[in-house]
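# Architecture at a glance
If you want the building blocks of each chain, they are given just below.
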Amino acid sequence: MNKAEILKEIIEQRRSIFPKDYTETEIPQEILDEILNSGTLAPNHKRTKPWRFKIFRGEEKAKLALEMQAIYKATQPDHQFLEKKYQDIGFKINKADAIASIVVNFSGMVPEWEEIAAVSMAVQNMYLTCTANGIGCYWSSPKIVDHLKDSLTIEENQKCLGLFYMGELN
């Protein structure tokens, strides 16, 4: 196969694959590094490199699950709170081997939409690299990420666009 055929196949296979389909196997660190590095290769106007990724694994990931569950519970009126959704938040985070927070850093040098587009392209590169390595992944952007400002150490000129879940597949 030539490079164009390989790329076409990877693009055609790219899918959001959810944590319920992940195995307990850890993603090797070198593959996780490759996934994140591919994100940094996305085009970006004036080389602002607006993406900020923070990886959560192990204990940090477990704390993230508890924090997001607490945020969900605190922000839902009693009549809208769903125990199943509360449990699903924890399940999805704990089932994934690694989670990357997706944060855009607005430089002020270019329109904000361009930096959001660059971060989106970075995530697409990560999706494609996951696909090429047999790693399941998906980008989730629940409203509660807006409340993660402190745990993600998000600065005034930054915004969390979601979480990127990753896990090994059978």
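Up top is the structure.
Residues numbered from 1 in each chain as written. Predicted model: local features only at pLDDT ≥ 70, side-chain atom pairs only at ≥ 80, totals over all residues. Heavy atoms only, no water.

Right, let's talk about the sheet that holds strand β1 (residues 51-56) for a bit. Read across the open sheet, the 4 strands follow the order β1-β2-β4-β3; overall the sheet is antiparallel. In the strand order of this sheet, the two ends are held by β1 and β3 (135-140), each with one partner. Averaged over all pairs of adjacent strands, the angle between their axes in this sheet comes to 25°, without regard to strand direction. Pairing of β3 with strand β4 (residues 158-168) involves 6 bridges; the strand directions are antiparallel. Paired with Cys 137 across the two strands is Met 166, which belongs to β4. In this fold helix α2 (residues 29-39) packs onto β1, β2 (98-105), β3 and β4, with an angle of close to 165° to the strand it touches most, β1. The strands touched by helix α3 (residues 58-75) are β1, β2 and β4; relative to β1, the strand with the most contacts, the crossing angle is about 105°. (Pairing = 2+ DSSP bridges. Helix = DSSP H or I, 4+ residues; strand = E, 2+ residues; numbered from the N terminus. Axes fitted to C-alpha atoms, helices over the stretch in contact; angles between N-to-C directions. Contact = heavy atoms within 4.5 Å.)

Below, the discussion takes up the packing of α2 against helix α5 (residues 112-132). Where α2 contacts α5, the two axes come as close as 7 Å, and the packing angle between them is 145°. The crossing of α2 and α5 is right-handed. Facing α2, whose interface residues are Glu 34, Ile 35, Leu 36, Ser 38 and Gly 39, α5 presents Ala 122, Asn 125, Met 126, Thr 129 and Cys 130. A per-class count over the contact of α2 with α5 returns 5 nonpolar, 4 polar and 1 charged. (Left-handed = near helix turned anticlockwise from the far one by under 90°. Nonpolar A, V, L, I, M, F, W, Y, C, P; charged D, E, K, R; others polar.)

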